[in-house]
Amino acid sequence: MKTVKYPNKLKEYRLNKKLTQKDVVIKLDLKESENRLSRWENGIALPNVLNFLKLCRIYEIEPDKVY
């Protein structure tokens, strides 16, 4: 079965802000490791709406600029 990928610019925006994945995980208050953020950045999974909006705030971007 082929895995669906969700292309996005999350990693690009994080790097532009000079943040590590760990920095973002802390800002999002995620209990898991950076694995979840990595899956979002690689298009393997999508963040829920709340985390998506938090990412937009952290990266100072409009929601329509992510995908």
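Look up a bit, the structure's there.
Asker: Please clarify how the overall build of the protein chain should be interpreted in this entry.
Answerer: Of the regular secondary structure elements, the protein chain holds 4 helices and 0 strands. Its helices and strands taken in sequence order, the protein chain reads α-α-α-α from the N to the C terminus. Scaling as 2.2 N^0.38, a compact globule of 67 residues should have a C-alpha radius of gyration of about 11 Å, and the protein chain matches this with 11 Å. Projected onto its principal axes, the C-alpha coordinates of the protein chain cover approximately 35 × 25 × 20 Å. Evaluated residue by residue, the protein chain yields a buried proportion of 33% over its 67 residues. In the protein chain, once contacts between residues fewer than 6 apart in sequence are set aside, the share between residues at least 24 apart is 51%. Accessible area for the protein chain stands at about 4,800 Å²; split by element, carbon and sulfur atoms hold 52% of it. Here the protein chain carries 15 positive and 9 negative side-chain charges, and the mean point of each set is 3 Å from the other.

Asker: I would appreciate a short explanation of the nonpolar core in the present structure.
Answerer: In this structure, V24, L28, L37, W40, L55 and Y59 are the most contacted members of the largest nonpolar core, which totals 17 residues. Of all the secondary-structure elements, those providing two or more residues to this core are helix 1 (10–16), helix 2 (21–28), helix 3 (35–41) and helix 4 (49–59). Take this core: its biggest share by element is 5 residues, from helix 4. Setting aside its immediate chain neighbours within four residues, W40 contacts N8, L10, L28, L30, A45, L46, P47, N51 and L55.

Asker: Hey, could you run me through helix 2 in this one?
Answerer: Along an α-helix, residues three or four apart share an orientation, since each turn contains 3.6 residues. Every buried residue belonging to helix 2 is among V24, V25 and L28, and all of these are buried. Axial view of helix 2: buried residues confined to an arc of 100 degrees, hence all on one face. Set apart from the buried face of helix 2 by more than 90 degrees, the exposed residues are K22, I26 and K27.

Asker: Just to check I follow, could you spell out helix 4 for this structure?
Answerer: What helix 4 keeps buried is the set N51, F52, L55, C56, I58 and Y59. Projected down its long axis, helix 4 carries its buried residues within an arc of 165 degrees, all on one side. Exposed side chains of helix 4 directed beyond 90 degrees from the buried face belong to V49, L50 and R57. The inward-facing, buried residues of helix 4 abut helix 1, helix 2 and helix 3. Sitting at the amino-terminal end of helix 4 is N48, which places a side-chain oxygen 3.2 Å from the backbone nitrogen of L50. Phi turns positive one or two residues past the end of helix 4, at E60, with a value near 55 degrees.

Rules of the game
Residues numbered from 1 in each chain as written. Predicted model: local features only at pLDDT ≥ 70, side-chain atom pairs only at ≥ 80, totals over all residues. Heavy atoms only, no water. Helix = DSSP H or I, 4+ residues; strand = E, 2+ residues; numbered from the N terminus. Rg over C-alpha atoms; globule rule 2.2 N^0.38 Å. Buried < 20%, exposed > 50% of the residue type's maximum accessible area, 1.4 Å probe, protein only. Contact = heavy atoms within 4.5 Å. Areas by Shrake-Rupley, 256 points an atom, 1.4 Å probe, with all protein chains shown as cover. Lys, Arg positive; Asp, Glu negative; His and termini not counted. Charge placed at Lys NZ, Arg CZ, Asp CG, Glu CD. Core = buried A, V, L, I, M, F, W, Y, C linked by side-chain atoms within 4.5 Å. Arc of directions from axis to C-beta. Polar contact = N/O pair within 3.5 Å; in protein donor to acceptor, adjacent residues only side chain to side chain.

By themselves, these observations are geometric and do not establish any function.
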